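Reading the structure
So the chains spell out like this:
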Amino acid sequence: MADLDNKDQTEMDPADMEDVEEVEEEETGEDNSKARQLTMQMMQNPQILAALQERLDGLVGSPSGYMESLPKVVKRRVNALKNLQVKCAHIEAKFYEEVHELERKYAALYQPLFDKRSDIVRAAYEPTDEECEWKPDEEEELTVSKQEEMKEKAKVEEEKKDEEKEDPKGIPEFWLTVFKNVDLLSEMLQEHDEPILKHLQDIKVKFSDAGQPMSFTLEFHFEPNDFFTNTVLTKTYKMRSEPDESDPFSFDGPEIMGCTGCTIDWVKGKNVTLKTIKKKQKHKGRGTVRTVTKTVPNDSFFNFFSPPEVPESGELDEDSEAVLAADFEIGHFIRERIVPRAVLYFTGEAIEDDDDDYDEEGEEADDEEGEEEADEENDPDYEPKV
């Protein structure tokens with residue numbers, strides 16, 4: 001009889017089993033939702049977040065303990081691999097030295113084209129009709145009649161503009177427009193810099209000669225102006241392509257070790273890197289007040305030609321390090337992007353390409369956020385933030 005009772009207790013109707021499973025799932029779901037709510041409340045507490053962040057920061061770069069657990073003979077072999085890695089770093093350094101030589105070689109091939117660009121910009125050369133003919137984008141599906149209509153319309157508009165104003169020479173404010181179109185450079189520009197940069201005619205990149213230490217020089221060529229007597233302002237960046245003996249694994253290609261600017265021969269009263277301020281000083285004893293005139297540094301793009309000097313020890317304060325890091329980024333960007341593709345930054349096409357790259361990354365991030373929001377909305381216990 002006892003056996004029968006046990007059988008009755010252990011063998012249940014399948015429908016009853018389904019009911020039990022459903023109840024268990026509901027209870028588990030309630031527990032999970034409560035746990036999620038509790039977790040969200042905890043994560044909104046700034047003290048808990050700060051403590052968690054501090055804990056995570058302490059874990060970054062900390063060894064897992066695996067290496068310490070390896071037998072001595074295995075550790076010896078790992079050391080052999082690290083020595084091989086150092087040799088790889090030295091080979092990589094030589095690779096970048098040869099890349100620099102290739103850059104120097106091809107710079108000579110590009111230069112005639114850049115010189116012609118400069119001639120057109122500063123009206124030293126007028127391009128032919130054939131050189132000015134630009135084929136429309138292949139993606140634009142326009143009929144022949146539509147193209148002719150657009151050409152005629154553009155011609156009429158150009159003639160109308162020519163009648164309204166004098167015939168400009170070359171391409172006015174070419175480089176100033178490039179600078180204003182690029183965020184990295186426009187952030188450096190001040191209103192008092194713009195009248196000077198209207199006289200900028202060309203920017204050239206000159207590489208160090210073969211056999212010399214790696215470096216490149218940016219040359220800013222100006223037409224005669226009322227601000228300074230220099231015709232060329234220069235900025236030279238010294239580079240190194242060899243692993244640091246104290247930390248060879250940190251090598252990741254050539255690094256800029258320092259840079260030198262040039263002296264700008266300002267016309268009296270035209271130096272935009274300095275400004276004069278007046279301060280009132282009160283005499284402690286007599287109580288009289290006098291006005292003192294002081295000359296202090298002024299924000300200007302032309303501070304670019306007076307970078308902080310790197311001491312022989314190589315040690316800099318945080319402010320100087322930040323200034324140099326930004327300076328190196330700007331110099332590299334001018335060399336790698338601005339000079340080779342100046343016309344595309346003038347028209348804004350290169351900026352659109354850069355924005356497209358960022359948009360793709362942004363869309364991926366938006367998709368992830370959208371998925372998270374969808375998960376939250378599907379949660380019956382989700383309460384949207386007000």
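Only a predicted model underlies this, so the values are computations on that prediction, with no experimental measurement involved.

About the thresholds
Residues numbered from 1 in each chain as written. Predicted model: local features only at pLDDT ≥ 70, side-chain atom pairs only at ≥ 80, totals over all residues. Heavy atoms only, no water. Helix = DSSP H or I, 4+ residues; strand = E, 2+ residues; numbered from the N terminus. Buried < 20%, exposed > 50% of the residue type's maximum accessible area, 1.4 Å probe, protein only. Contact = heavy atoms within 4.5 Å. Pairing = 2+ DSSP bridges. pLDDT = per-residue confidence, 0-100. Core = buried A, V, L, I, M, F, W, Y, C linked by side-chain atoms within 4.5 Å. Salt bridge = Lys/Arg side-chain N within 4 Å of Asp/Glu carboxyl O. Axes fitted to C-alpha atoms, helices over the stretch in contact; angles between N-to-C directions.

A few words on the overall build of the protein chain. What the protein chain contains, in helices and strands, is 13 helices and six strands. Within the protein chain, the proportion of its 386 residues that are buried is 23%. A fraction of 57% describes how many contacts in the protein chain between residues 6 or more apart in sequence connect residues 24 or more apart.

Below, the discussion takes up the pairing of strand β1 (residues 200–207). With six of its eight residues buried, β1 lies for the most part within the structure. Summarising the sheet, β1 and strand β2 (residues 215–222) pair through seven bridges and their orientation is antiparallel. Of the residues in β2, the one forming a bridge with F207 is F216.

Position of V182 relative to the elements: it lies in the loop between α8 (174–181) and α9 (183–186). In this structure V182 touches F333, I338 and Y345, once residues within four positions along its chain are discounted.

Take the confidence of the model for the protein chain next. With 66% of its residues at a pLDDT of 70 or more, the protein chain shows a mean pLDDT of 77. Overall, residues 1–12 carries pLDDT values under 50, and its contacts beyond four positions in sequence, including any with other chains, amount to one contact. Long-range and interchain partners of residues 14–27, a stretch whose pLDDT sits below 50, account for one contact in this model, where long-range means more than four residues apart.

All right, on to unusual backbone geometry then. If you check the backbone angles, A123 has positive phi at about 65 degrees while not being a glycine. Judged by relative accessible area, which is 38%, A123 ranks as partly exposed. Here E173, not a glycine, exhibits a phi torsion of approximately 55 degrees, which is positive. By the secondary structure assignment, E173 is in the loop between α7 (144–164) and α8. For E173, a relative accessible area of 35% gives the class partly exposed.

Turning our attention to the nonpolar core. Within soluble globular proteins, side chains that are nonpolar generally end up buried alongside one another. Grouped together as the largest cluster of nonpolar side chains are 48 residues, with contacts concentrated most on F179, F220, F301, F302, F304 and I334. It is helix α11 (residues 318–338) that contributes the most residues to this core, six residues altogether.

Here we come to the pattern of salt bridges. Applying the stated rule across the entire model yields 11 salt bridges. Across the pair K94 and E97 runs a salt bridge, and its minimum N-O distance is 3.8 Å. Separated by three residues within a single helix, K94 and E97 lie in helix α5 (residues 72–121), roughly one turn from each other. The exposure class assigned to K94 is exposed, which follows from its relative accessible area of 52%. In this structure, a network of salt bridges that share partners links the residues E103, R335 and E336.

Looking now at the sheet that holds β2. A sheet is described by the order of its strands in space; here four strands give the open sequence β1-β2-β3-β4, paired in antiparallel fashion. Strand pairing shows two members of the sheet lacking a second neighbour, β1 and β4 (255–260), which therefore form its edges. With direction set aside, neighbouring strand axes in the sheet form an average angle of 20 degrees. Bridge count for strand β3 (residues 232–240) against β4 is five bridges, and the pairing is antiparallel.

Another point: the pairing of strand β6 (residues 289–297). Two elements, strand β5 (residues 274–282) and β6, share nine bridges in a ladder whose sense is antiparallel. Counted as the bridge partner of Q281 is R290 from β6. Where β5 hands over to β6, the hairpin turn is made up of six residues, of which G287 adopts a positive phi near 80 degrees.

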